[in-house]
Amino acid sequence: MPLVRRLLLALILFLGAIAPSWAMPMLVVDRATLDVLYAQDAGQPWHPASLTKLMTAYVAFEEIAKGTVTLDTTVTISRNAVNQAPSKSGLPVDSAITLRDALYILIVKSANDVAVAIAETVGGSEPQFVGMMNDVARRMGLSATHFVNPHGLHNAAQVTTARDLAILALYIEQNFPQYMPMFATGVVNLGKAKLESNNGLLEGFVGTTGMKTGYVCSSGLNIVATVDRNGRRLLAVVLGGSSARERNERAAELFLKALSGQMQASGQSVLSLNNAVGAAPTDMRPLICGKDAQTYVKAQEAAFPMGMKDQPTYLTDTVAQREYTAVDLGRLRTGIALPRPRPAHVPVFAAPATQPPIENAALDGDLRPGVPISLGFDVPMPRPRPAGL
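Predicted model only: the values in this text are computed from it and were never measured. (Residues numbered from 1 in each chain as written. Predicted model: local features only at pLDDT ≥ 70, side-chain atom pairs only at ≥ 80, totals over all residues. Heavy atoms only, no water.)

S.K.: Please explain the sheet that holds strand E6 (residues 193-196) as it appears in this structure.
M.R.: Two strands in a sheet stick together by hydrogen bonds in their backbones, pointing the same way (parallel) or opposite ways (antiparallel). Spatially, E6-E5-E10 is the arrangement adopted by the three strands of the open sheet, whose pairing is mixed. This sheet does not close on itself; its edge strands, each paired only once, are E6 and strand E10 (323-326). Mean inter-strand twist for the sheet, computed between neighbouring axes without regard to direction, equals 25°. As judged from the four bridges shared by strand E5 (residues 187-190) and E10, these two strands associate in the parallel manner. If you follow Leu 190 over to E10, its bridge partner there is Ala 326. The sheet contacts of helix H4 (residues 99-108) involve E5, E6 and E10, and relative to E10 the element is tilted by about 130°. (Pairing = 2+ DSSP bridges. Helix = DSSP H or I, 4+ residues; strand = E, 2+ residues; numbered from the N terminus. Axes fitted to C-alpha atoms, helices over the stretch in contact; angles between N-to-C directions. Contact = heavy atoms within 4.5 Å.)

Structure representation (structure tokens):
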């Protein structure tokens, strides 16, 4: 084997040995007791990517509960919304959908345009909605979480931790259990489009009930997942995966270890976990999207090959996907000036003073109301047609 290839292989194996210990915060919580079953770097600040949409959905749920909006409130896709980077719904500017449909598309497709449209509808404006998100985070005690936008597209100041994400997920289920089917949905049908979830556990791991995935270069591939199985109610958070395969397989592995008894309650509640408040968030961009990405991904594959071609997988089940059909209500134009009202009718010719108005005229003639015979309209009647021969 050439020296360069040997050195590269050694580097891959070395990175594979050390990378998971620092690059992937992981957390497993018993949802019934809030006990921590496993925690690795759970308080390390991290970029949430589309896991942000868990909070976007929670704020919408809270406003529905307050009565400021309803599930039938119309959400219009603004130009600002359409201008967001993918993933998107494919709806054009001025399209309208109900808030119910918008929430399904937000959660399942992780559509950034719909996230902005919800923010503008529920909050009045995107910045005002973000303020509502941060207010909820403060009330929940998410001490290392800060939001800058409602979709999760990268911003250096958008940050959270595995601990905070777990608590947010627990609050969603506790306060708004009626919306949990949204997080368990794998497909949203919108017209001819089939919008699919990236949560591989929904179709490959029996008992999965949600919740959300996310990805930007600076975060790696993230997931918050919930499972109800064998009488257990579990939650797992995995951050910083090098691929969707790794992210999903690691979450499944955590669940299986918890279900098999390999993880025991630590005696610590997830609420008491410490966040590294003030620490800089990990930036995965160089390893996920930079010049070292190929080497890093190969290292992760070498360290954790589950789910790769010709390798075993933890996602061995076949689960029928829950589907939902959303309806495009069409395009609603706003801000269009209405035509000016017509001026009141003013007669050009005044009626003669001696002649009564036409509506008050008497039938003075035989053919035309209001016209006396004496005015000279003495028109002879037509002669009768000759009889047929």
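S.K.: Looking at this structure, I do not really get the packing of aromatic side chains. What am I missing?
M.R.: The geometry of an aromatic ring pair is captured by the separation of the ring centres together with the interplanar angle, meaning the angle of the planes. Throughout the structure, instances matching the rule amount to seven aromatic pairs. Here the aromatic rings of Phe 61 and Phe 183 are separated by 6.4 Å at their centres, their planes lie at 85°, and the arrangement is edge-to-face. With Phe 61 in helix H2 (residues 52-66) and Phe 183 in helix H8 (residues 180-183), the pair connects residues that are 122 residues apart, well separated along the chain. For Phe 61, a relative accessible area of 0% puts it in the buried group. Classification of Phe 183 by relative accessible area gives buried; the value is 1%. Taken together, a centroid distance of 3.6 Å and an interplanar angle of 5° make the contact between Tyr 104 and Tyr 324 stacked. (Phe/Tyr/Trp six-rings, centres within 6.5 Å; stacked < 30°, edge-to-face > 60°. Buried < 20%, exposed > 50% of the residue type's maximum accessible area, 1.4 Å probe, protein only.)

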